[in-house]
2 protein chains.
Amino acid sequence: MDKTDDRTGRRIVPDTTRRADRLPGNRYGNRPTMKDVAARAGVGLKTVSRVVNGEPGVTPDTERRVQEAIEALGFRRNDSARVLRKGRTASIGLVLEDLADPFYGPLSRAVEEVARAHGALLINGSSAEDPEREQELALALCARRVDGLVIIPAGDDHRYLEPEIKAGVATVFVDRPAGRIDADVVLSDNFGGARDGVAHLIAHGHRRIGFVGDMPRIHTAAERLRGYRAAMEDAGIPVEDAWMSLGATSPERVRQAAVDMLGGPSPVTAIFAGNNRVTVTVIRVLAGHRRPVALVGFDDIELADLLDPGVTVIAQDAAALGRTAADRLFRQLDGTLIAPERIELPTRLIMRGSGELPPAD
Amino acid sequence: MDKTDDRTGRRIVPDTTRRADRLPGNRYGNRPTMKDVAARAGVGLKTVSRVVNGEPGVTPDTERRVQEAIEALGFRRNDSARVLRKGRTASIGLVLEDLADPFYGPLSRAVEEVARAHGALLINGSSAEDPEREQELALALCARRVDGLVIIPAGDDHRYLEPEIKAGVATVFVDRPAGRIDADVVLSDNFGGARDGVAHLIAHGHRRIGFVGDMPRIHTAAERLRGYRAAMEDAGIPVEDAWMSLGATSPERVRQAAVDMLGGPSPVTAIFAGNNRVTVTVIRVLAGHRRPVALVGFDDIELADLLDPGVTVIAQDAAALGRTAADRLFRQLDGTLIAPERIELPTRLIMRGSGELPPAD
DNA sequence: CCTGCAGCTGACAACGTTGTCCAGGCTCTA
DNA sequence: TAGAGCCTGGACAACGTTGTCAGCTGCAGG
């Protein structure tokens, strides 16, 4: 009968069969090497190497014998040794902020697809927005001798990468620029997107517009704030401090910030939300608010069209960011590229209703 | 001035600085080795190794000289060579279906956190639901000599992994079981969850309940279908074929399937949606439907609580799946585990409104 | 019958690191 | 002061693969 662990509710079904017994043996648990294959096939070591790599100059008969030995022993080439000898790992590293964030999934996937097209594997890690962890990860990847690095930086000083870049590690920064270092950068037009979004609200009659954003030490957050200010200034609207929330990252604090700017002495009639997480929190606040408040969010969010009203957003193309960065990485590896560039991808305003609400006061 | 590429709208800002010139040199672009460091510090090779690895038996003065040489040369240990020598790579592989799917982000992140806690890196790849690609990826990871593999299988025959497992590669399957092979498996209780969800609809008075699911060759889809059938049978309700859609994967076909079962001769009054993607599509269909239709979806989705009505779901804990699988992986590597097990994690019914609507006919 | 050539094959070194082991110099004690 | 023991440092082999090069075979041509 099944046992059920009371605390966790897990059901545990023990298998009656036994795990294939593993010879403790030497490292890799007694994995056969080319030498073993050669011995079994009665050929030389190098001949096995030739067969494994599809090099010419092997008689069909010899090749067959080698293949049989490979089958029989379950041989698989050790890429570590290969890398050591050849100097290229055919793998690239991706350092991002948080794989669980829906914005980074498609980006990561796009990088992977490009890597795959170039026959490379992707090794990735999350920095959790911690500069130290970013550095630790990036350097660990360099120690593995990845051919290149795609980095979504958490920190703002990347001089630690200088020796690596000098040593030939291709490097591209995405989503946020590199700090104190000369490198390729692929960004969304955060400033322009935010400015357009806020201008959109202004065009619909709003003047008291709130901005809820991330910590300004994060480049994207700073740029979006700058876009907000620019749009307001262009329209000749003086911004009140109470309309801006910067650096409230936890949902609770974002919620509080939104509530405050909706209820203050000069309450906002519209909110510009600085990223997908903030947008979701603000939506929750507005859902419980008595009068309608316009909203434009940076980053598209799933189901935004099904809410009432639909959520108007400034969408950036995460997949395109990843694709562009990875493309550039491999062009660096080709030697096609000479000078680092800064590439900005445009954003797109998607109207769904929430950004077109008139001011309600 | 900036050039703007007309087609793509990209803004390209050429950097005036020049990329640090890279000596073409030998592989790794002339990376210094321990030998170089030793020469510069005027010590033996092994002494450098000792310093780098923090081994005892080095005078502070010698250590300082070595450290200085390391700094000066920008030396970084080559982990490929290290791995070759030591036999452990301190990295694990994750083969999943699609990183861009919001369900797998948290799972992947959870695996990464556990790996990190064990000092291991995560190498991952997407199978794109293609069994061949899954195999290709898994074997490529084995060639890199990852210490272990966490696999979300796309295929249903994993005998190709037998030599690897025998050779000592720890292996855990998540979300779906392994095929024709004896291995650890961590699953959600797909059958029970679906049965509970459908029973929930029945308890609210529904009898004509539709099921929109994925291809039954996918284990989770088959189990959820089985749960649906079980709940209906328990309630003594005969299921009509027109109420079930299996294997419609594209949004268009799912949409059509939903429309069909809502408009047929005996139209359903409630729908059970088999996964997050299907749920979203069904929500879109129901949003345009004239009479209210109850809905329960498998997998939680973001913003589900903000829709009107809120979406009732059977939630599984993706992070817990990943965490449990990774834990087990490392316990295999410890040698703590003997026999493969099948672990099922419970699901949770979250009531938000859509599943509590009464039948409208 | 010998030479030359082409096509296969294998011996060997090298990649950069770590584990083993020994040498040399020091201190401490008898 | 001599011997024992400890501490530090270095020489060397090995990990599994690939690149280089030379040897071997068989065959065509002189």
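Predicted model, so just to flag it, every value in this text is computed and none were measured.

> Sorry if this is basic, but what is going on with the relation of the copies chain B and chain A here?
The operation linking the two copies of the chain is a rotation about an axis combined with a translation along the axis. Under the fitted operation, chain B is carried onto chain A by 0.1 Å of movement along the axis and a turn of 180°, and the coordinates agree to an RMSD of 0.1 Å. Each copy turns onto its partner about a two-fold axis. Among all C-alpha atoms of chain B, that of B:I123 lies closest to the rotation axis, at 2.1 Å. Of all interface residues in chain B, 99% are interface residues in chain A too; the two copies therefore contact each other through one and the same surface.

> Explain the protein's contact with DNA strand D here, please?
The environment of DNA strand D is made up of 27 residues, and the closest members are A:M34, A:K46, A:R85, B:G44 and B:T62. Here, DNA strand D places atoms within 4 Å of the protein, and 62% of those atoms are sugar or phosphate. One of the side-chain N or O atoms of B:T59 is found 2.8 Å from a sugar or linking oxygen in DNA strand D. Put simply, the parts of the chain that give the surface near DNA strand D at least two residues each are α3 (45-52) and α5 (79-86) of chain A together with α3 (45-52) and α5 (79-86) of chain B.

> Would you take a moment to explain the pairing of strand β6 (residues 170-174) of chain B for this structure?
Along a regular strand, successive side chains alternate from one face of the sheet to the other. Residues and elements named next belong to chain B. Judged by how many residues are buried, β6 sits mostly within the fold: 5 of 5 residues are covered. Looking at chain direction, strand β5 (residues 148-151) and β6 are connected through 4 bridges and run parallel. Within β6, the position partnered with L149 by the bridge is T171. Two strands pair when backbone bridges link them, and β6 and strand β7 (residues 184-188) are joined in this way by 3 bridges, in the parallel orientation. Within β7, the position partnered with V172 by the bridge is D184.

> Which parts of the structure should I look at to understand the protein's contact with DNA strand C?
Neighbouring DNA strand C are 26 residues; A:G44, A:T47, A:T59, A:T62 and B:R85 lie closest to it. Within 4 Å of the protein, the contacting atoms of DNA strand C are drawn from sugar and phosphate to the extent of 63%. Side-chain polar atom of A:R50 to a base nitrogen of DNA strand C: 2.7 Å apart, as the coordinates give it. Here B:K86 contributes a side-chain N or O atom positioned 3.5 Å from a phosphate oxygen of DNA strand C. Where the surface near DNA strand C is concerned, the elements lending two or more residues are α3 and α5 of chain A together with α3 and α5 of chain B.

> What am I meant to see in the interface of chain B and chain A here?
With 90 residues of chain B at the contact, the number on the chain A side is 89 residues. Roughly 8,600 Å² of surface becomes buried between chain B and chain A when both sides are summed, with 48% attributable to carbon and sulfur atoms. Connecting chain B to chain A are 14 salt bridges. Where A:E136 meets B:R116, a salt bridge forms, and the shortest distance between an N and an O atom there is 3.3 Å. For the interface between chain B and chain A, the tally reads 27 residue pairs in polar contact (both at pLDDT 80 or more). Partitioning the side of chain B that touches chain A into residue classes produces 39 nonpolar, 18 polar and 33 charged. Two strands pair when backbone bridges link them, and strand β4 (residues 121-126) of chain A and strand β4 (residues 121-126) of chain B are joined in this way by 3 bridges, in the antiparallel orientation.

Rules and cut-offs
Residues numbered from 1 in each chain as written. Chains lettered and ligands numbered in written order. Predicted model: local features only at pLDDT ≥ 70, side-chain atom pairs only at ≥ 80, totals over all residues. Heavy atoms only, no water. Least-squares fit on C-alpha atoms with pLDDT ≥ 70 in both. Contact = heavy atoms within 4.5 Å. Near = heavy atom within 4 Å. Polar contact = N/O pair within 3.5 Å; in protein donor to acceptor, adjacent residues only side chain to side chain. Helix = DSSP H or I, 4+ residues; strand = E, 2+ residues; numbered from the N terminus. Buried < 20%, exposed > 50% of the residue type's maximum accessible area, 1.4 Å probe, protein only. Pairing = 2+ DSSP bridges. Buried area = accessible area lost by both parts, 1.4 Å probe. Salt bridge = Lys/Arg side-chain N within 4 Å of Asp/Glu carboxyl O. Nonpolar A, V, L, I, M, F, W, Y, C, P; charged D, E, K, R; others polar.

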